[in-house]
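Listed here are the chains, written in short residue letters.
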Amino acid sequence: MRILGIDPGLRLTGFGLIAAQGRQLDYVASGCIRSGEGDLPLRLRRILDGLSEVIQTYAPDVVVIEKVFVNVNPQSTLLLGQARGAAISAAVLQDLPVYELTALQVKQAVVGKGHADKVQVQDMVKRLLALPAAPSADAADALACAICHAHRGSAGSKPAYQVRRGRMIVPKGDRL
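Now for a look at the structure at hand. Only a predicted model underlies this, so the values are computations on that prediction, with no experimental measurement involved. All residue numbers refer to positions counted from 1 along the written sequence of the respective chain. Note on the predicted model: pLDDT of at least 70 is required for a residue's local features to be given, and 80 or more for side-chain atom pairs to be given and counted; whole-chain, interface and lining totals, by contrast, use all residues. Only hydrogens and water are set aside; all other atoms, that is, all heavy atoms of the structure, feed into the side-chain values.

## Considerations on the pairing of strand β2 (residues 12-21)
Going by this rule: For the exposure calls, accessible area comes from a 1.4 Å probe over protein chains only, and a residue counts as buried if that area is under 20% of its type's maximum, exposed if over 50%, partly exposed in between. To qualify as a helix, a DSSP run of H or I must reach at least 4 residues; to qualify as a strand, a run of E must reach at least 2; elements of each kind are numbered from the N terminus. At least two bridges found by DSSP between two strands is the condition for calling them paired.
Most of β2 is tucked away: seven of the ten residues are buried. Pairing of strand β1 (residues 2-7) with β2 involves six bridges; the strand directions are antiparallel. Its bridge partner being in β2, arginine 2 is matched across the sheet by alanine 19. Count of turn residues in the β1/β2 antiparallel hairpin: four residues.

## Comments concerning the packing of helix α1 (residues 40-58) against helix α2 (residues 74-92)
Under the convention used in this document: All axes here are fitted lines through C-alpha atoms, helices being fitted over the stretch that makes contact, and every angle between N-to-C directions spans 0 to 180 degrees. By convention, the crossing between two helices is left-handed when the near helix turns anticlockwise from the far helix through less than a right angle, and right-handed when the turn is clockwise. Residue contacts are defined here by distance: any two heavy atoms, one from each residue, within 4.5 Å place the two residues in contact. Following the grouping adopted for this structure description, the nonpolar residues are Ala, Val, Leu, Ile, Met, Phe, Trp, Tyr, Cys and Pro, the charged ones are Asp, Glu, Lys and Arg, and the polar ones are all others, Gly among them.
Axis separation between α1 and α2 bottoms out at 8 Å; the angle between their running directions is 35°. At the point where α1 passes α2, the crossing takes the right-handed sense. Contacts from Leu40, Leu44, Ile47, Leu48, Leu51, Ser52 and Ile55 of α1 reach α2 at Leu79, Gln82, Ala83, Ala86, Ala87, Ser89, Ala90 and Ala91. Along the lines of polarity and charge, the residues of the contact of α1 with α2 split into twelve nonpolar, three polar and no charged.

## Details of the layout of surface pockets
We count it as follows: Here a cavity denotes grid points, spaced 1 Å and computed from the protein atoms alone, that fit a 1.4 Å probe unable to get out, and a pocket denotes an open set having protein on both sides within 12 Å along at least 5 of 7 lines; residues with an atom within 4 Å of a point are the lining. Grid points are joined across faces, edges and corners, and a volume is the space filled by probe spheres set on the points.
Volume-wise, the largest pocket comes out at about 450 Å³. As for the largest pocket, its lining consists of 22 residues, and the residues nearest its centre are Asp7, Pro8, Gly9, Leu80 and Asp138. A breakdown of the residues in the lining of the largest pocket according to their chemical character gives eleven nonpolar, two polar and nine charged.

## Description of the sheet that holds β2
One open sheet accounts for five strands, arranged β3-β2-β1-β4-β5; its pairing is mixed. The sheet is open, and its two edges are formed by β3 (24-34) and β5 (98-101), each paired on a single side. Put simply, the sheet's adjacent strands are angled 20° from each other on average, direction ignored. Those strands touched by helix α5 (residues 137-152) are β1, β2, β3, β4 (62-66) and β5, and its axis lies near 35° from that of β2.

And the structure:
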């Protein structure tokens, strides 16, 4: 199974793709999509287009995205949520199931403690995937999402977002 992890951000959106077969995890690709400066719609389009290209290039089976945490600054939280929406849209437009994980769940699964810092996450991702060097912080967070999903599996959990017959299916708790 190919798992695409996404760490959403308005400036930098990290992505990381792994192949999982049983307990064996293999690194496939990772990087960051930079939205640059400018108007918000254009920046969101860059995220959507960038992740669409990643999906078309690497053909993942599932997508795992980090849930947004509530920031002290409500405006920052809103902007992050919009970047996350663009990332989710890239996946569902390609008919991929999308799973969600909190940062706490990801860090607990990968590092062993939920309040690990970015350097600890980078180091563990490097070790778990036998990489020659640590990936950037955003790419490491995305790879950590994919690793966490591989360890947890999808048994007993439903995708947070998916497409059926051309329509996006949204969980009941997320409906307006």
